[in-house]
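Single-letter residue listing:
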Amino acid sequence: IDRSSSVELEFATEFHHVAARRWLERLDDQAISYTDAVSFAMMETHHIGAVLSFDNDFVIAGFDRIQTLNEFQTLISRKTTR
């Protein structure tokens with residue numbers, strides 16, 4: 001992963017922590033983990049609307065969830081035809 005030009009590694013910052021806390025407050029009626037809330041914050045920061053996951057928490061937070069290769073290929077083809 002460290003050598004890949006396709007992967008950008010980013011560590012959570014204080015900004016992401018504050019944003020994650022807001023996500024936890026917003027979804028306080030759900031059993032959302034802090035880890036997922038940090039992921040939501042980072043996705044929001046980078047305008048990422050979909051995630052490859054089997055975790056329903058991302059759907060609860062309003063993100064699109066991709067579970068299969070077919071769904072991923074469909075998403076990619078929509079983005080490249082715009």
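These numbers come from a predicted model, not from an experiment.

Participant: I would appreciate a short explanation of helix α1 (residues 14-26) in the present structure.
Facilitator: Since one α-helical turn is 3.6 residues long, residues separated by three or four positions face the same way. Spanning 13 residues, α1 covers 18 Å between terminal C-alpha atoms, matching the ideal 18 Å at 1.5 Å per step. When we look at burial in α1, the residues that qualify are H16, A19, A20 and W23. Looking straight down α1, one finds that the buried residues subtend no more than 105 degrees of arc, so they occupy a single side. Relative to its buried face, α1 has exposed residues pointing more than 90 degrees away, namely E14 and E25. In this structure, the buried residues of α1 make contact with α2 (34-45). The opening residue of α1, the one whose side-chain oxygen lies 3.2 Å from the backbone nitrogen of F15, is T13.

Participant: What is the right way to look at the side chain of D57 in this model?
Facilitator: Relative to the helices and strands, D57 resides in helix α3 (residues 57-60). Buried charge without a salt bridge: D57, with R65 as the nearest opposite-charge side chain at an N-O distance of 8.2 Å. Each residue touching D57, except ones within four places of it in the same chain, is listed here: A31, I32, S33, D36 and F40.

Conventions used here
- Residues numbered from 1 in each chain as written.
- Predicted model: local features only at pLDDT ≥ 70, side-chain atom pairs only at ≥ 80, totals over all residues.
- Heavy atoms only, no water.
- Helix = DSSP H or I, 4+ residues; strand = E, 2+ residues; numbered from the N terminus.
- Expected span 1.5 Å × (residues − 1).
- Buried < 20%, exposed > 50% of the residue type's maximum accessible area, 1.4 Å probe, protein only.
- Arc of directions from axis to C-beta.
- Contact = heavy atoms within 4.5 Å.
- Polar contact = N/O pair within 3.5 Å; in protein donor to acceptor, adjacent residues only side chain to side chain.
- Lys, Arg positive; Asp, Glu negative; His and termini not counted.
- Salt bridge = Lys/Arg side-chain N within 4 Å of Asp/Glu carboxyl O.

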